[in-house]
Amino acid sequence: MRIANLSGRLTLIVDGKAIDVEQASNGGFSADPQAVYERWDVFRTWAAAADLSAGAAFDPADLGSPAPAPRQTLAIGLNYRDHAAESGFAAPEGLPPVFTKFASSITGPVTEVKLPGGGHTDWEVELVAVIGRRAEGVAEADAWDHVAGLAVGQDISERVSQLAGPAPQFSLGKSYPGFAPVGPWLVTPDEFDDPDDLELRCTVNGEEVQKGRTRDLIFSVPALIARLSAVLPLLPGDVIFTGTPAGVGLGRNPQRFLAAGDELVSTVEGIGELRQTFTA
Ligand code: ZN
């Protein structure tokens, strides 16, 4: 099942067509995309039995994030060994670095992003997981049962402000407007042959800059849910950015950052793509 946010309304994508959930359910479910996660099990049951044949064509530019207003966004740093190495850090043990991308930075999949002045704006393609069932003290073996689905995320990062001062400013440097595109929709875990092994790719102006597989995550999606939910409850609709593989601009020699006019395309196998263009 593919769940989208089309022009701010909860939508199912079936065979490439959009079905408005509030209309198809005769008001049984709210049009608010964020509200569905509170009723996730009921929604899955309804969607499995509903007549979803009357879809309409849509423009991907009208898609928003499938989880546009999470109560918590948890983003994971240094979760691939090759990226930790290119960043000059040791790979984490026990618990990886965790920061947030503030909710105002979340957007849909096709956007124009203004580059912060004086900065070094960088790309990080990531698998994003959205929580469908409250998770508190969840064992790794049970963790997938708490995931509503997976989406593509870009953890766009301004490196000057991220790394300024006596301690890194991860959350602020990664939360400029438009710095957290998520989409193009949420794909439920049952849609994948193996949700723990998906290819991620990222191109700048058509040139491949990142390519990795989620099987190389140091902390897999279930491992992250177990470790995070041992500290705090993960709430329905919460968003987890799971970390990026090697190939970011900061780790290149010479370093390379995004410029006005650049087009960034981020894909995850079995989900779809994000497309960002950058302006001065
Ligand atoms: Zn990241």
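Residues numbered from 1 in each chain as written. Predicted model: local features only at pLDDT ≥ 70, side-chain atom pairs only at ≥ 80, totals over all residues. Heavy atoms only, no water.

Q: I'd love a proper account of the coordination of the zinc ion, names of residues and values included.
A: Every protein donor of the zinc ion is listed here as Glu-124 (OE), Glu-126 (OE) and Asp-155 (OD), and their distances to the metal cover 1.9 to 2.1 Å. Along the chain, the residues donating to the zinc ion are arranged with the sequence spacing E-x1-E-x28-D. Taking the relative accessible area as the measure of exposure, Glu-124 reaches 5% and is therefore buried. Assessed through its relative accessible area of 0%, Glu-126 is described here as buried. (Donors = N, O, S within 2.8 Å, 3.2 Å for Na, K, Ca; no water. Buried < 20%, exposed > 50% of the residue type's maximum accessible area, 1.4 Å probe, protein only.)

Q: Talk me through the pattern of salt bridges; I want residue IDs and the actual numbers.
A: Inspection of the entire model under this criterion finds 19 salt bridges. A salt bridge links Glu-22 to Arg-9, with the shortest nitrogen-to-oxygen separation between them at 2.6 Å. Taken together, the residues span a long stretch of sequence, with Glu-22 in helix α1 (residues 21-24) and Arg-9 in strand β2 (residues 9-14) at a distance of 13 residues. For Glu-22, a relative accessible area of 31% puts it in the partly exposed group. One salt bridge connects Arg-227 with Glu-140, and the closest N-O pair in it is separated by 3.8 Å. Of the two residues, Arg-227 sits in helix α6 (residues 221-229) while Glu-140 sits in the loop between β10 (125-131) and β11 (147-154), which places them 87 residues apart along the sequence. (Salt bridge = Lys/Arg side-chain N within 4 Å of Asp/Glu carboxyl O. Helix = DSSP H or I, 4+ residues; strand = E, 2+ residues; numbered from the N terminus.)

Q: Help me get a handle on the sheet that holds strand β14 (residues 199-204), residues and values and all.
A: The 5 strands lie next to each other as β8-β18-β17-β14-β15, forming an open sheet whose pairing is mixed. Either end of the sheet is taken by a strand with one partner, and the two such strands are β8 (110-114) and β15 (207-213). If you compare each strand with its neighbour and ignore which way they point, the axes differ by 15° on average. The sheet contact formed by β8 and strand β18 (residues 272-279) spans 5 bridges and is parallel. Its bridge partner lying in β18, Thr-111 is registered against Gln-276. (Pairing = 2+ DSSP bridges. Axes fitted to C-alpha atoms, helices over the stretch in contact; angles between N-to-C directions.)

Q: Break down the side chain of Thr-73 for me, citing the residues and quoting the values.
A: Position of Thr-73 relative to the elements: it lies in strand β5 (residues 73-76). You can call Thr-73 buried: its relative accessible area is 7%. With near-sequence residues (within four places) excluded, Thr-73 lies in contact with Phe-99, Thr-100, Lys-101, Ile-106, Val-239 and Phe-241. (Contact = heavy atoms within 4.5 Å.)

Q: Talk me through the domain arrangement of the chain; I want residue IDs and the actual numbers.
A: For the chain, the assigned domains are domain 1 (2-58) and domain 2 (67-279). With centres defined by C-alpha atoms, the gap from domain 1 to domain 2 works out at 25 Å. At the junction of the two partners, domain 1 supplies 13 residues and domain 2 supplies 21 residues. Interface area, domain 1 with domain 2, both sides summed: about 1,400 Å², of which 52% is carbon and sulfur. Three residues stand out in domain 1 for area buried against domain 2, namely Arg-2, Gln-34 and Tyr-37, and they jointly supply 49% of the buried area on that side. Two residues, Glu-38 and Arg-71, come together in a salt bridge whose shortest N-O distance is 2.5 Å. Seen at the junction of domain 1 and domain 2, the total is 8 residue pairs in polar contact (both at pLDDT 80 or more). Listing elements by their share of the side of domain 1 that touches domain 2, those giving two or more residues are β1 (2-6) and α2 (40-49). Ranked by the residues each element gives to the side of domain 1 that touches domain 2, the list is headed by β1, at 4 residues. Partitioning the side of domain 1 that touches domain 2 into residue classes produces 7 nonpolar, 2 polar and 4 charged. (Domains from an automatic or database assignment. Buried area = accessible area lost by both parts, 1.4 Å probe. Polar contact = N/O pair within 3.5 Å; in protein donor to acceptor, adjacent residues only side chain to side chain. Nonpolar A, V, L, I, M, F, W, Y, C, P; charged D, E, K, R; others polar.)

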